Amino acid sequence: GNSYWLTSEGTVEKRNAQGVLVWSEPFPVINEDLLGKIAVDAEGGVYGVFSGGSNVGRLARIVPNDDDDGADLQYVVDIEPGTYRDLLLRGGTLFLARNEDDEKEAYIDAYQGLPIRPTSPLSTTRPIRCVRSRIARVALCMPRLRQMIG
């Protein structure tokens, strides 16, 4: 099938099964750090997370045009600041692993729907490296510790 790529310049590329470029669309990243990972939903919407330091975080979604020959930025919303480490889209919920800049606290933030609505974050006192899907749960990867949430 199709594959989605994130370039080092912050552009999302959709390629068909033969590797031919179908469309590309840049995330609006200016003086901000884009997490080097993306998540794709069932409609082909692509999510990207970026931060511009300790006081801003942003979540963006790019959606394909109706005829799938291009894509457009659907929205950019402000989210909790911090250092984003990973994202996971599961069951219509986008989970974001976020560490405070001093890494004394870390959170898994969950966002659903349009407009994006945050749910209550899960917090921990250890830095988070990733968030993964495990059988009916979401798992957090932390140094020398794994934690499961329902």
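Residues numbered from 1 in each chain as written. Predicted model: local features only at pLDDT ≥ 70, side-chain atom pairs only at ≥ 80, totals over all residues. Heavy atoms only, no water.

## Brief notes about unusual backbone geometry
Phi is positive for Asp68, close to 60°, though the residue is something other than glycine. In this fold, Asp68 is placed in the loop between strand S7 (57-64) and strand S8 (71-79). Here Asp68 falls in the partly exposed class, since its relative accessible area comes to 24%. (Helix = DSSP H or I, 4+ residues; strand = E, 2+ residues; numbered from the N terminus. Buried < 20%, exposed > 50% of the residue type's maximum accessible area, 1.4 Å probe, protein only.)

## A closer look at the sheet that holds strand S2 (residues 11-15)
Strand order across the open sheet formed by three strands is S1-S2-S3, with antiparallel pairing between neighbours. In this open sheet, the two strands that pair with only one neighbour each are strand S1 (3-6) and strand S3 (21-26). Strand after strand, the sheet turns through a mean of 20° between neighbouring axes, direction not considered. Pairing geometry for S2 and S3, over five bridges, is antiparallel. Among the inter-strand pairings, Thr11 is bridged to a residue of S3, identified as Pro26. (Pairing = 2+ DSSP bridges. Axes fitted to C-alpha atoms, helices over the stretch in contact; angles between N-to-C directions.)

## What to know about the nonpolar core
In terms of nonpolar packing, the biggest core is built from twelve residues, these being Leu35, Ala39, Tyr47, Val49, Leu59, Tyr75, Ile79, Tyr84, Leu87, Leu94, Leu96 and Tyr111. Those residues in contact with Tyr84, other than ones at most four positions away along the chain, are Leu35, Val49, Ser51, Gly57, Ile79, Leu96, Ala97, Arg98 and Asp109. Listed in part, the eight residues of the second largest apolar core include Phe50, Ala60, Ile62 and Ala71. (Core = buried A, V, L, I, M, F, W, Y, C linked by side-chain atoms within 4.5 Å. Contact = heavy atoms within 4.5 Å.)

## A few points about the environment of Gly44
Checked against the element boundaries, Gly44 lands in the loop between strand S5 (39-40) and strand S6 (46-51). In the structure, Gly44 is positioned 24 residues away from Asp68 in sequence and 9.3 Å away in space, judged by C-alpha atoms. Discounting chain neighbours no more than four positions away, the residues touching Gly44 are Tyr4, Ile62 and Pro64.

## Let's talk about the pairing of strand S9 (residues 83-90)
Pairing of S9 with strand S10 (residues 93-99) involves seven bridges; the strand directions are antiparallel. Each bridged residue has a counterpart across the sheet, and for Leu87 the counterpart in S10 is Leu96. In this antiparallel pair of consecutive strands, S9 and S10, the connection spans two residues, and Gly91 shows a positive phi of 60°.

## Examining the side chain of Thr11
Structurally, the position occupied by Thr11 is in strand S2. Residue class for Thr11 comes out buried when judged on its relative accessible area of 17%. Not counting chain neighbours up to four residues away, the residues in contact with Thr11 comprise Trp5, Leu6, Ser24, Glu25 and Pro26.

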